[in-house]
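Chain by chain, the residues:
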Amino acid sequence: MVVVRKMPVGTQSFQILQENGYVYIDKTRYLYQLISQGRVYFLSRPRRFGKSLFLSTLAAYFQGKRELFKGLYIEKAEEELAQQEGREAWKKYPVLYLDLNAKNYENEEALIERLALNLQQWEEEFNLERISKAPEERFAYIIRRTYERTGQQVVVLIDEYDKPLLDTISKPELNTVYRDTLGAFYSVIKSCDQYLRFAFLTGVTKFSKVSIFSGLNNLRDISLLPDYAAICGITEEELKTNFAPEIETLGKELAQTYESLLTTLRQRYDGYLFARRGENVYNPFS
């Protein structure tokens, strides 16, 4: 009898993957590297490359959901890290998660509406009053007051930070408005540095030339660093370790040996290299 395992095609929630027995490639060693080496990061990767899943993993970690990490690299590493930092393991922090992907940015109101929706959700979650209409002012207030209310530094996770800018590239005037709005909003991450435990932003590209990150001199861009080349995507070793049963089954269906099928897969889906001295990776969605 062939056992068919659950493949997480299109699933971006780490909690859903773990609770429902989907196949998961353990990327939590990168989580450990990030937490132990810094606080504010940026990662650029193509769409459908696993950025959202990694952010979801970060959220679960900072929410102290220890049960989801059983058997993964971070389970033991967190105990050691907590001991080094003199704190309890799996400490729970307030997490502010903003996903800018789920919106079509067709007019000036679209971005304000998306930010306002998240800001309102955070205000309700942490029982905070609304103090201003300006998104950046509300954002800064939420971070500071959440810190004061909970006694814990805040974690900020922003997925597809550049989606509004990419959607309006052909509309220069609207793109400029969005650039200014987002620039002010993201600058809060710097001005509220003392209240933050960790921040991680993802996107398809880095708009350095339009000053989106000009106020974020505490931001570390790990997009092209060798140590993080395989933070998203699938290495060949991960492919062979995690998907051996499926590769063997497919080989039988196609009348190919295991090694010849690996060669075919390599030719079709490999080829992404984000650092010269880093590991090359397969596109996970493909």
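Scroll up to find the structure.
Let me sum up the structure you'll find in this document.

## Here's the deal with helix α11 (residues 244-254)
- Where α11 is concerned, the buried positions are Ala244, Ile247 and Gly251. Across the axial projection of α11, the buried residues extend over an arc of 60°, all falling on one side. Residues of α11 that are exposed and point over 90 degrees away from its buried face: Lys252 and Glu253.
- On its buried face, α11 is in contact with α10 (236-242) and α12 (258-269).
- Once α11 finishes, alanine 255 follows within two positions and takes phi at roughly 60°, a positive value.

## Comments concerning the pattern of salt bridges
- Across all of its chains, the model carries 15 salt bridges by this definition.
- Of the charged contacts in the structure, one is a salt bridge between arginine 29 and glutamate 279, with a shortest N-O distance of 4.0 Å. One end of the pair, arginine 29, is in helix α2 (residues 28-37); the other, glutamate 279, is in the segment after α12, with 250 residues separating them in the sequence.
- Residue class for glutamate 279 comes out partly exposed when judged on its relative accessible area of 39%.

## Remarks on a nonpolar patch on the surface
- Taken together, the side chains of Met7, Val9 and Phe285 present a nonpolar region at the surface, about 280 Å² in accessible area.
- Relative to the helices and strands, phenylalanine 285 is located in the segment after α12.

## Regarding the pairing of strand β4 (residues 196-203)
- In terms of residue burial, β4 counts as a mostly covered element, since eight of its eight residues are buried.
- Bridging between strand β1 (residues 40-44) and β4 involves five bridges; their strand directions are parallel. When the sheet's bridge partners are listed, phenylalanine 42 is paired in β4 with leucine 201.
- Relative to β4, strand β3 (residues 154-159) runs parallel, the two being bridged by five bridges. Considered in β4, the bridge of valine 154 is made with leucine 196.

## What to know about helix α4 (residues 73-85)
- Between its terminal C-alpha atoms α4 stretches 18 Å, which fits the 18 Å expected from 13 residues at 1.5 Å a residue.
- Its buried side turned inward, α4 meets α2 and α3 (51-62).
- Glycine 86 lies just past α4 and shows a positive phi near 65°.

## Considerations on the side chain of threonine 235
- In this structure, threonine 235 sits in the loop between β5 (220-221) and α10.
- Looking at threonine 235, the relative accessible area reads 3%, which means it is buried.
- Not counting residues up to four positions away in its chain, the partners in contact with threonine 235 are Ala230, Glu279, Asn280, Val281 and Tyr282.

Criteria and cut-off values
- Residues numbered from 1 in each chain as written.
- Predicted model: local features only at pLDDT ≥ 70, side-chain atom pairs only at ≥ 80, totals over all residues.
- Heavy atoms only, no water.
- Buried < 20%, exposed > 50% of the residue type's maximum accessible area, 1.4 Å probe, protein only.
- Helix = DSSP H or I, 4+ residues; strand = E, 2+ residues; numbered from the N terminus.
- Arc of directions from axis to C-beta.
- Contact = heavy atoms within 4.5 Å.
- Salt bridge = Lys/Arg side-chain N within 4 Å of Asp/Glu carboxyl O.
- Patch = residues over 30% accessible without salt bridge, like charges linked within 9 Å, V, L, I, M, F, W, Y side chains within 5 Å.
- Areas by Shrake-Rupley, 256 points an atom, 1.4 Å probe, with all protein chains shown as cover.
- Pairing = 2+ DSSP bridges.
- Expected span 1.5 Å × (residues − 1).

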